[in-house]
Amino acid sequence: MIPFRSGDTTGEPSGPEEGRDEAAEAEVIPLPARRQRAVRKAGLLSAALAAGLLVLGVGTVVAVKPYLSPDDFEGPGSGAVTVRIAPGSSAQAIGSALTEAGVVASVGSFVNVTEERAVSDRLRPGHYRLRKGMAAGAALDLLLAPASRIVRRVTVPEGLRTSEVLSRVAKLAGLPLKDLMNVDKALVGLPAYARGLEGFLFPATYEIEPGDTAVDVLAAMAERFIAAARQVDLEEQAARVRLTPLQAVTVASMIQAEGGTDEDYPKISRVIYNRLERGTPLEIDSTVLYAQNRRTLKVTESDTKVNSPYNTYRHRGLPPGPIANPGEKALMAALNPAEGDWHWFVTTDPAHRITKFTNKESEFVRYREELNKNLGAS
């Protein structure tokens, strides 16, 4: 059964240079709503002080002027400075960070302009490239502009093996590959049933900021897997189909590695279940290629004889663990196989993602011949 993997995508850095979104966007966490209350409180304080001036007289104006008309720079500023906005920061805290970095002249000027525009709920945590000596309004404009945020968006497609995921992240996020390869698995937050990273680095788009470590990135992927597993009710549904959670992920990984289209996934799942129930070797080509650490659409008879516990031509039942990192649709298919008596499937036309299913060996042989013809094989 010939594997087929959908076309690759490329993650691009964004920030000063615009990037491309190529898969589901990583979640962007907004600042808590309590920031608005903090800003409004500052505005009310200014109003109260103004009213008090009517009673206290002109002499008091000099003392309270910083609160009513806080210092502010003029113009767009100059130079470059990177400022980190921590998650959960209020407008006051952001203003303080900007003031310390020399971006704005005062906390009050930033709080005031944020309140005037009523945009505090649009501020996001992250690292931003700003300038020194900016008018508070100009600084706020940059904080609201996506291009000012320094972040690399790395897309991990479905079906990549862990070695491929690590290489991709190293290249696109600028992290040392050796750091990713040598991460202590105990720090990643894998589910208890996982034996390693394979199968649990969830495919998605991840936002990687300056200072993020290899552990941070892999932990985010594992956390995203756990969220997906919760979404599909993996542990309970695996028990329903008489699999352990690890076995369910293993089935999903084979479906992902073999699959042509989303509609094929449940049918591929059914072929796997039918073969398991009958005690027939799975004969999944992608397991052979995983054992050989190869990628190809042409699997020979000699390939199927490789000595590996992952070779499902030589060993009955499921391989020891996942052979790729599946997405949510593959997980769903593993837990919800289609109804059918199919015993074989062949992706006869990989270029057009056409997969055919049958319960007759004679048709299976014909499908293999069709595949070989499409691949130009003799």
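As annotated in an unreviewed UniProt entry, the protein chain carries the name Endolytic murein transglycosylase and comes from Nonomuraea solani. Database annotation for the protein chain, UniProt heading Function (unreviewed entry): "Functions as a peptidoglycan terminase that cleaves nascent peptidoglycan strands endolytically to terminate their elongation." Here is the UniProt Sequence similarities (unreviewed entry) comment for the protein chain, exactly as written: "Belongs to the transglycosylase MltG family."

Visitor: Summarise the UniProt feature "site: Important for catalytic activity" (unreviewed entry) in the protein chain; cite the residues concerned and give the values.
Guide: Summarizing the sequence annotation, UniProt attributes the feature "site: Important for catalytic activity" (unreviewed entry) to Glu258 in the numbering used throughout. Of note, Glu258 is situated in helix H10 (residues 245-258).

Visitor: Give a detailed account of helix H13 (residues 328-335), specifying residues and quantitative values.
Guide: When H13 is considered as a whole, its buried residues turn out to be Ala330, Leu331, Ala333, Ala334 and Leu335. Buried positions along H13 lie against helix H8 (214-231), helix H9 (234-240), H10 and helix H11 (265-278).

Visitor: Give a description of the nonpolar core that names residues and reports values.
Guide: If you look at the biggest cluster of nonpolar residues, it comprises 61 residues, and the most contacted ones within it are Val169, Leu218, Met221, Phe225, Leu234 and Ile255. Those elements giving two or more residues to this core turn out to be helix H6 (162-173), strand E5 (205-208), H8, H9, H10, H11 and H13. When residues are assigned to domains, this core turns out to be shared by domain 2 (152-231) and domain 3 (249-375), each giving three or more. By size, the runner-up hydrophobic cluster in this structure holds 20 residues, among which are Ala101, Val113, Met134 and Ala139.

How each quantity is defined
Residues numbered from 1 in each chain as written. Predicted model: local features only at pLDDT ≥ 70, side-chain atom pairs only at ≥ 80, totals over all residues. Heavy atoms only, no water. UniProt positions renumbered as here; feature names shortened; annotations may be inferred. Helix = DSSP H or I, 4+ residues; strand = E, 2+ residues; numbered from the N terminus. Buried < 20%, exposed > 50% of the residue type's maximum accessible area, 1.4 Å probe, protein only. Contact = heavy atoms within 4.5 Å. Core = buried A, V, L, I, M, F, W, Y, C linked by side-chain atoms within 4.5 Å. Domains from an automatic or database assignment.

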